[in-house]
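# Chains, contacts and geometry: an overview
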Amino acid sequence: MSSPAAVPPPPANLTRIVAASLIGTTIEWYDFFLYGSAAALVFNKLFFPGSAPLVGTLLSFLTYAVGFAARPLGALVFGHFGDRLGRKKLLVVSLVMMGGATFGIGLLPTHATVGAAAPVLLTALRLVQGFALGGEWGGAVLLVSEHGDARRRGFWSSWPQTGAPAGQLLAAGVLSALTGLLSDDAFSAWGWRIPFLLSGVLVLVGLWIRLSVDESPVFKAALARAAARTSDGATERPPLVAVLRDHWRDVLVAMGARMAENISYYVITAFILVYATTSAGMAKQTALNAVLIASAVHFVVIPAWGALSDRIGRRPVYVIGAVGVGAWMFPFFALIDTGSFGHLILAVTVGLVFHGAMYAPQAAFFAEMFATRMRYSGASIGAQFSSVAAGAPAPLIATALLSDYGTSTPIALYVIAAVLLTLLAVGCAQETRRRDLDHVETGGTVRHAAPAPAPGGDARTA
């Protein structure tokens, strides 16, 4: 009914694959988060001058949200070709597109130079960023998930997830250094361009490492089986069609699971730059430094949460994170309102620690839901379509709520509502931690990697 499980690669090979995925995702998230930070700090003045401060910030975050709108399209396109051609090829394409768009933003003329054309050009490059990132995540986590064995898949596949805090750390670090070294006038005039232009160098490094790794053995085995079926006269369904037919419930679970994770992350790391500077009266440098410190802790705890998911399951760890984020929202804003730098660090750090409990097992959890020949499409669609309703409008909604009500209470309730949706989705999911990724694509029985399946991890058809 199913093929033998792929033999795990030697540790050195797996380490190189993890490094390639991590470095690539770090660069991609650096580019993406750099835009979010710049949108909160300077884009309102450079591309939307003449507006009231919060109105300009809302318009700036609107271009930020446009990038999320392109991510589902990227998930569809990259997922389709990633399931047809392989994970590695598409990861190279996504890295080049993302880095090129970010470098282009660093060269853009502002509103003062070209008028209304400036925000149009900014939006176009933001769309390219979102399209590329929509295809990056699925390929990066699958390349690691499909190389390792089930017993430590949660730990190893959580490392590409650390690319998010690493990218945030790098983006916040560069911006923090520049805002510390330059005056506000110098940073607004030309200093903001430097971190965007640095992306060109980072992409070259990422390409050099990413081109050195091999394609997933699980994918190559599935491709060979598909070729054999085709030669026997069978018709291979497009990955998107196969996902919607065989895994539509898993897609919905993945989308729901991402709601609290995605919304809380952008409230904690992007909107906080607005809230801390406008409501709590803190300096931009102070807010950036707090995100910088908290992102370092976030980077460390993600692999730990991933390892825990290998021991107790993906679902329990995910629930810990969701409940923790929901319970922390009111203390989160209360600590920031004190105006203390120490309290700000505590608020952001604890929030990201709980977020890590959702984000760490997500890579293995989503990969284990889908069959190999539709895994890139399924994981990417589930992850990226939810971002349109979750991460995309989160800073925008939070800023609008702050503008309308002048208090953090409705923002906290907004995050808590997302937590309830996530808990419902995870509660409907099956435990997946003992799933064998190397199984027949359709109609086959999912095999477990260990003799005794985890509670709730019963076999099902793929």
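Conventions adopted
- Residues numbered from 1 in each chain as written.
- Predicted model: local features only at pLDDT ≥ 70, side-chain atom pairs only at ≥ 80, totals over all residues.
- Heavy atoms only, no water.
- Helix = DSSP H or I, 4+ residues; strand = E, 2+ residues; numbered from the N terminus.
- Contact = heavy atoms within 4.5 Å.
- Areas by Shrake-Rupley, 256 points an atom, 1.4 Å probe, with all protein chains shown as cover.
- Salt bridge = Lys/Arg side-chain N within 4 Å of Asp/Glu carboxyl O.
- Buried < 20%, exposed > 50% of the residue type's maximum accessible area, 1.4 Å probe, protein only.
- Patch = residues over 30% accessible without salt bridge, like charges linked within 9 Å, V, L, I, M, F, W, Y side chains within 5 Å.
- Arc of directions from axis to C-beta.
- Phe/Tyr/Trp six-rings, centres within 6.5 Å; stacked < 30°, edge-to-face > 60°.
- Expected span 1.5 Å × (residues − 1).
- Bend = angle between axes of the 7 residues up to and from the residue.
- Core = buried A, V, L, I, M, F, W, Y, C linked by side-chain atoms within 4.5 Å.
- pLDDT = per-residue confidence, 0-100.
- Axes fitted to C-alpha atoms, helices over the stretch in contact; angles between N-to-C directions.
- Parallel < 35°, antiparallel > 145°, perpendicular 65-115°, else oblique.
- Left-handed = near helix turned anticlockwise from the far one by under 90°.
- Nonpolar A, V, L, I, M, F, W, Y, C, P; charged D, E, K, R; others polar.

### Overview of the overall build of the protein chain
Broken down by element type, the protein chain carries 19 helices and zero strands. Partitioning the intrachain contacts of the protein chain with sequence separation of at least 6 by distance along the chain shows that 84% fall at a separation of at least 24. Carbon and sulfur atoms provide 71% of the accessible area of the protein chain, an area that totals close to 16000 Å².

### What to know about the pattern of salt bridges
Per the stated rule, a full pass over the model turns up eight salt bridges. For Arg87, the salt bridge goes to Asp83, with nearest N and O atoms at 3.0 Å. Pair check on accessibility: Arg87 and Asp83 agree, each one buried. Of the charged contacts, one joins Arg258 and Glu261 as a salt bridge, the two residues approaching to 3.0 Å between their closest N and O atoms. One end of the pair is Arg258 and the other is Glu261, both in helix 13 (residues 248–278) and three residues apart, which spans about a single turn. Comparing Arg258 with Glu261, the two get one shared label, buried. One network of salt bridges, in which partners are shared, links Asp83, Arg87, Glu146 and Arg375.

### Some remarks on a nonpolar patch on the surface
Taken together, the side chains of Leu73, Val77, Phe81 and Leu85 define a hydrophobic patch exposed on the protein surface, amounting to about 330 Å² of accessible area. Tracing the sequence through the fold places Phe81 in helix 3 (residues 53–85). Taking relative accessible area as the criterion, Phe81 reaches 39% and is therefore assigned partly exposed.

### Some details on helix 12 (residues 239–246)
Turning to helix 12, its buried residues number three or more, namely Pro239, Ala242 and Val243. Seen along its axis, helix 12 keeps its buried residues to an arc of 100 degrees; they face one direction.

### Focus on the packing of aromatic side chains
Per the counting criterion, the structure on display carries 13 aromatic pairs. Each ring, one from Phe155 and one from Trp159, has its centre 6.1 Å from the other, and the planes form 90 degrees; the classification is edge-to-face. Pair noted here: Phe155 and Trp159 are both in helix 7 (residues 153–161), with a separation of four residues, about one helical turn. For Phe155, a relative accessible area of 16% translates into the label buried. The exposure class assigned to Trp159 is partly exposed, which follows from its relative accessible area of 21%. Between Trp159 and Phe299 the ring centres are 6.0 Å apart and the planes differ by 70 degrees, which places this aromatic pair in the edge-to-face class.

### So, helix 13
For helix 13, built from 31 residues, the straight-helix expectation of 45 Å at 1.5 Å per residue is met to within 8% by its first-to-last C-alpha distance of 43 Å. Taking the largest bend as the criterion, helix 13 deviates by roughly 55 degrees, centred on Phe271.

### As for the nonpolar core
Counting residues in each nonpolar core, the largest one holds 127 residues, and the members touching the most others are Phe43 and Phe332. Setting aside its immediate chain neighbours within four residues, Phe332 contacts Ile268, Ile272, Ala347 and Val348. Among the nonpolar cores identified, the runner-up in size contains five residues, and Ile27, Val92, Val203 and Leu207 belong to it.

### So, the environment of Trp29
Among the structural elements, Trp29 can be located in helix 1 (residues 11–41). With residues near it in sequence (within four places) discarded, Trp29 still touches Leu34, Arg71, Leu133, Gly163, Ala164, Gly167, Tyr266 and Tyr359.

### What to know about the confidence of the model for the protein chain
Mean pLDDT over the protein chain stands at 84; residues scoring 70 or higher make up 89%. Of the regions scoring below 50 in pLDDT, residues 1–7 engages in 19 contacts with residues more than four places distant in sequence or in other chains. Across residues 440–462 the pLDDT falls below 50, and counting only partners more than four positions away or on other chains, this stretch makes 68 contacts in the model.

### Here's the deal with the side chain of Ser386
Mapped onto the elements of the fold, Ser386 is located in helix 17 (residues 375–389). In this structure Ser386 comes out as buried when scored by relative accessible area, which is 2%. Those residues within four positions of Ser386 in sequence are excluded, and the remaining contacts are Met255, Arg258, Met259 and Ile381.

### Focus: the side chain of Ser295
Of note, Ser295 is situated in helix 14 (residues 284–312). Among the residues examined, Ser295 registers a relative accessible area of 0% and is labelled buried.

### Structural notes on the packing of helix 6 (residues 117–145) against helix 17
Between helix 6 and helix 17, the least distance of the axes is 9 Å, while the angle of their chain directions is 125 degrees. On the basis of their axis angle, the class for helix 6 and helix 17 is oblique. Between helix 6 and helix 17 the crossing geometry is right-handed. Along its contact with helix 6, which presents Leu133, Gly134, Gly135, Trp137, Gly138, Gly139 and Leu142, the element helix 17 presents Arg375, Tyr376, Ala379, Ser380, Ala383 and Gln384. Partitioning the contact of helix 6 with helix 17 into residue classes produces six nonpolar, six polar and one charged.

### A look at the environment of Phe33
Mapped onto the elements of the fold, Phe33 is located in helix 1. Measuring from C-alpha to C-alpha, the distance between Phe33 and Thr269 comes to 9.0 Å, with 236 residues separating the pair along the chain. Apart from the residues lying within four places of it in its own chain, the contact partners of Phe33 are Ala164, Gly167, Gln168, Ala171, Tyr265 and Tyr266.

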